[in-house]
Amino acid sequence: MKDKTRVKRVICSDNTEIYYWVSWNSGMAKDFLVLHPAASMNHSSLQGLEKGINDMGHPTLVFDQRGTGYSQVGSDSDSHSLDRYTEDLQRIIEKEGLEKPEILTHSFGFMPAVNYASKSGNVGKITGIC
């Protein structure tokens with residue numbers, strides 16, 4: 001797992017902290033690829049893919065979904081609802097100021113990505129892998 005020295009975080013409306021990492025340097029393109037892991041998977045499950053994408057010159061943003069890795073489990077009864085997962089993704093994208101990011105998702109990660117795209121219109125492309 002990545003350490004917390006370069007971690008960023010957002011705090012969602014239910015006071016849950018969601019942790020994420022941005023891999024970007026000045027030699028990379030500006031078109032971000034957001035990596036959205038499946039339920040119960042943390043950021044480390046996509047590290048090999050993330051490295052490969054970075055090596056091709058594309059920046060990435062990867063995060064721990066609520067209750068995985070460093071991210072907290074919410075205390076509300078609807079903490080694991082689709083709306084909460086969608087809000088987590090929205091807050092991260094807004095905090096980073098990403099416009100029309102491409103989202104690469106795995107399994108359950110596809111649902112919040114599609115929900116976010118339909119509500120915001122701020123997604124360039126979604127690719128789901130299983």
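Please read all numbers here as calculations on a predicted model, not as lab measurements.

Conventions we followed
Residues numbered from 1 in each chain as written. Predicted model: local features only at pLDDT ≥ 70, side-chain atom pairs only at ≥ 80, totals over all residues. Heavy atoms only, no water. Helix = DSSP H or I, 4+ residues; strand = E, 2+ residues; numbered from the N terminus. Rg over C-alpha atoms; globule rule 2.2 N^0.38 Å. Contact = heavy atoms within 4.5 Å. Pairing = 2+ DSSP bridges. Axes fitted to C-alpha atoms, helices over the stretch in contact; angles between N-to-C directions. Buried < 20%, exposed > 50% of the residue type's maximum accessible area, 1.4 Å probe, protein only. Right-handed = clockwise from strand over helix to strand, strands pointing away. Parallel < 35°, antiparallel > 145°, perpendicular 65-115°, else oblique. Left-handed = near helix turned anticlockwise from the far one by under 90°.

Draft legend 1. Quick peek at the overall build of the chain. Across its full length, the chain holds three helices and six strands. Reading the helices (α) and strands (β) of the chain from amino to carboxyl end gives β-β-β-α-β-α-β-α-β. The C-alpha atoms of the chain give 13 Å as radius of gyration, which agrees with the globular expectation for 130 residues (14 Å, within 12%). Here the C-alpha coordinates of the chain stretch approximately 45 × 30 × 30 Å along the principal axes. A sequence separation of at least 24 residues applies to 63% of the contacts in the chain between residues at least 6 apart.

Draft legend 2. Structural view of the sheet that holds strand S5 (residues 102-106). Judged by pairing direction, the sheet is mixed, and its six strands sit side by side in the order S1-S2-S4-S3-S5-S6 without closing on themselves. In the strand order of this sheet, the two ends are held by strand S1 (8-11) and strand S6 (125-129), each with one partner. In this sheet, adjacent strand axes meet at a mean angle of 25° when their direction is disregarded. Across three bridges, strand S3 (residues 33-36) lies against strand S4 (residues 60-63) in parallel orientation. Bridge pairing links Leu35 to Val62 in S4. Strand contacts of helix H1 (residues 47-55): strand S2 (17-23), S3, S4, S5 and S6, with the helix running at about 165° to S4, the strand carrying the most contacts.

Draft legend 3. Seen up close, the environment of Lys95. The residue Lys95 is located in helix H2 (residues 82-96) in this model. Sequence separation between Lys95 and Arg9 is 86 residues, and the spatial gap between their C-alpha atoms is 9.2 Å.

Draft legend 4. Quick look at the pairing of S4. Burial along S4 is two-sided: the residues Thr60 and Val62 and Leu61 and Phe63 are all buried. The pairing of S2 with S4 spans four bridges and is classified as antiparallel. Note on S4: the bridge partner recorded for Val22 is Leu61. After leaving S3, the chain enters H1 and then returns to the sheet as S4, a path that is right-handed.

Draft legend 5. Examining the packing of H2 against helix H3 (residues 110-120) more closely. Put simply, H2 and H3 touch, their axes get as near as 9 Å, and they point 65° apart. Taken as axis vectors, H2 and H3 run roughly perpendicular relative to one another. You can see that H2 and H3 cross each other, and the crossing is right-handed. Along its contact with H2, which presents Leu82, Asp83, Tyr85, Thr86, Leu89, Gln90 and Ile93, the element H3 presents Met111, Pro112, Ala113, Asn115, Tyr116 and Lys119.

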